[in-house]
Amino acid sequence: MKSLIRAVILVALLFPVLVVARVRHYKFSVVMMNCTRLCSTKPILTVNGQFPGPTIYAREDDTVVVRVINHVNYNVTIHWHGVRQLLTGWADGPAYITQCPIQPGQNYIYNFTLSGQRGTLLWHAHVSWLRAVLHGAIVILPKRGVSYPFPKPDKERVIILGEWWKSDVEAVVNEATQLGLPPNVSDAHTINGHPGPTHNCSQGGFTLHVENKKTYLLRIINAALNDELFFKIAGHNLTVVEADAIYTKPFKTSTIIIAPGQTTNALLTTNQKIGKYLIFASPFMDAPIPVDEKAAIATLRYRGTAVNSPPIVTHIPPLNATDVEFSFLDSLRSLNSKKYPAKVPLHIDHSLFFYMAIGINSCATCLNGTQFVADINNVSFVMPTTALLQAHYYNISGVFTDDFPERPLMPFDYTGNPPSNLQTMSGTKVYRVSYNSTVQVVLQGTVFISPENHPAHLHGFNFFEVGRGEGNFDPEKDPKKFNLVDPIERNTIAVPSGGWTAIRFRADNPGKPPNWSVHSFLNYLRKLPFSTIKLFFSFVKSIYLFGSIGFPITTITLIAFLNRFYRKRVDRMKTHCTRVLLAPLIVIIGC
């Protein structure tokens, strides 16, 4: 008995995290609720009757268990955006990839550990457009006894930015799919679910109550479907200290730019005179395409402010303020301290070049007989009727091929004259990548049909943005300018309109059989079928990179398989995802 006690004490001393880490349980009941915005009421999906949904609170290395119960007539899944999902890929949440959707009346338990992560992330639905209203924050605090690498704030507040449609968003996207046209833009932007007192409606907006001479940590999340947003508070500067749950070198700014799926933590010091100050979330779009140009308005209100005190306003950036965006992005640097190093891959095993483009394919049921589609390296995805995970695990032939091009088969001027033929090839194609290898991906934007900014999200991994530029990527000159010392580390990045972004990461997250995805949100096509790239990891064999269609986005999906230990899990996933369930997949790939 004494020897057992000694052993327990020794383990506790050697592995204190095992003692202090907790299991945190949450229950998510997905229910319908009437919601009034813009002086118009409609039913929306919510978690526990809240919009935005409840915040998940945990600490680094805690285990989170969420039981999701579906009480609505839609299929539902929840994606934990930015969570590494080490060895818990089944909990990642992309519908039809790591799990079948949770059908009406059914439930599903997500179980994952926040290994080595701290900061702000988000959760959202991963089926069709449901994430427009079904989303919330994930707040991961440091381990007990571990301080922030910046001055401790007095208080913390979650700020969620989003978009709002007066119409049912499912009806909007279904109509667009049937016609082969871009869906309608949103009717408003929101701050914590409220557009503010605009749009010919006197409804009030969100109010951030503060006290004078305090420091607040604002956890800012962009949960919008489409739009990059500027965030600005009249009369106040913000000090950025974190992006996508990664500490940054602190810097001050009056304006934050944040893409869909991104998070930014910033310190706000309330050092102005007592009063009301307007908060703005306004869109950024530097391409000639339709966008909801209306800003969401909230109010920062100091304690002691008179009821009739007039609000203090500020100038918001122009819609196409590329200089403001570039200035902000150029200021972002990883902290790269001894405790939080930036482990940038210096040697590259796989160098990939993907151009993201819009094509025009024939469509018998669409307006004018054609449909906008999207592609990567001219490949648009064909959704298989057998789950990709199932096909890999059981070695089922004929589901996918391994000939996805690592670079364009016919290079051209991506930001100049378009090719004469905009029709894409279709297929479920893969590219093999070795486990634990280092990968560089150059994401190249194009300008034919129209240039567009492409925010991109990587499931299950962070990556380093080592380079970014306008025009075509130059493989000889541009790598010489890469930042390999302290580049920003993120899970979501924005590829500039008519430009390129280079990212690097190590494929070191095999996990249980999961699916990891990088999404590129094609805003102006508003969720038209888009190309998807999927990377399938095998623990001892290889990674497969699939070309596929997403809706709304380009997806790079990394799926890891431990081929021996998880047969029971795979048997449960032997997906009874029939053709009927898979049919809507062109509209279900979310961020």
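In the block above lies the structure referred to throughout.
Residues numbered from 1 in each chain as written. Predicted model: local features only at pLDDT ≥ 70, side-chain atom pairs only at ≥ 80, totals over all residues. Heavy atoms only, no water.

Novice: Even after reading the chapter, I still don't get the overall build of the protein chain, so can you show me in this structure?
Specialist: For the protein chain, the helix and strand inventory stands at seven helices and 34 strands. For the protein chain, with 591 residues in total, the buried portion stands at 62%. Taking the intrachain contacts of the protein chain between residues at least 6 apart in sequence as the baseline, contacts between residues at least 24 apart amount to 78%. Summed over all atoms, the accessible surface of the protein chain reaches about 23,200 Å², with 53% contributed by carbon and sulfur. (Helix = DSSP H or I, 4+ residues; strand = E, 2+ residues; numbered from the N terminus. Buried < 20%, exposed > 50% of the residue type's maximum accessible area, 1.4 Å probe, protein only. Contact = heavy atoms within 4.5 Å. Areas by Shrake-Rupley, 256 points an atom, 1.4 Å probe, with all protein chains shown as cover.)

Novice: Quick question: what am I supposed to make of helix 3 (residues 169-179) here?
Specialist: In an α-helix, one full turn covers 3.6 residues, which means residues spaced three or four apart are oriented alike. When helix 3 is considered as a whole, its buried residues turn out to be V169, E170, V172, V173, A176 and T177. Take helix 3 and look down its axis: the buried residues cluster within an arc of 160°, on one side only. Next to the buried residues of helix 3 lie strand 2 (40-47) and strand 21 (370-376). Between the side-chain oxygen at the start of helix 3 and the backbone nitrogen of E170 there is a gap of 3.2 Å, and the oxygen is on D168. Taken from the residues just after helix 3, G180 is the one with a positive phi, measuring 75°. (Arc of directions from axis to C-beta. Polar contact = N/O pair within 3.5 Å; in protein donor to acceptor, adjacent residues only side chain to side chain.)

Novice: For this particular structure, what's the right way to read the state of the cysteines?
Specialist: Note on terminology: disulfide describes a covalent bond linking the sulfur atoms of two cysteines. The final tally for this structure, using the stated rule, is one disulfide. A sulfur-sulfur separation of 2.0 Å characterises the disulfide bridge that pairs C39 with C201. The chirality of the disulfide connecting C39 with C201 is right-handed, given an S-S dihedral of about 85°. Within this pair, whereas C39 is found in the loop between strand 1 (23-37) and strand 2, its partner C201 is found in the loop between strand 10 (188-191) and strand 11 (207-210), the two being separated by 162 residues in sequence. (Disulfide = S-S within 2.5 Å.)

Novice: Looking at this structure, how should I read the pairing of strand 30 (residues 499-506)?
Specialist: Remember that side chains alternate between the two faces of the sheet whenever the strand is regular. Here strand 30 lies mainly inside the structure; seven of its eight residues are buried. When strand 25 (residues 438-444) meets strand 30, the two strands line up antiparallel, connected through seven bridges. Of the residues in strand 30, the one forming a bridge with V442 is A502. Inspection of the sheet shows strand 27 (residues 463-470) paired to strand 30 by six bridges, in the antiparallel sense. Pairing of G469 across the sheet is with W500, part of strand 30. (Pairing = 2+ DSSP bridges.)

Novice: Hey, could you run me through the side chain of T77 in this one?
Specialist: With respect to the secondary-structure elements, T77 resides in the loop between strand 4 (63-70) and strand 5 (78-81). Among the residues examined, T77 registers a relative accessible area of 0% and is labelled buried. Here the side chain of T77 touches G93 through a polar contact of 2.7 Å, landing on its backbone oxygen. Excluding residues within four positions of it along the chain, T77 makes contact with G93, A95, Q99, C100, P101, I102, Y110, H124, A125, H126 and V127.

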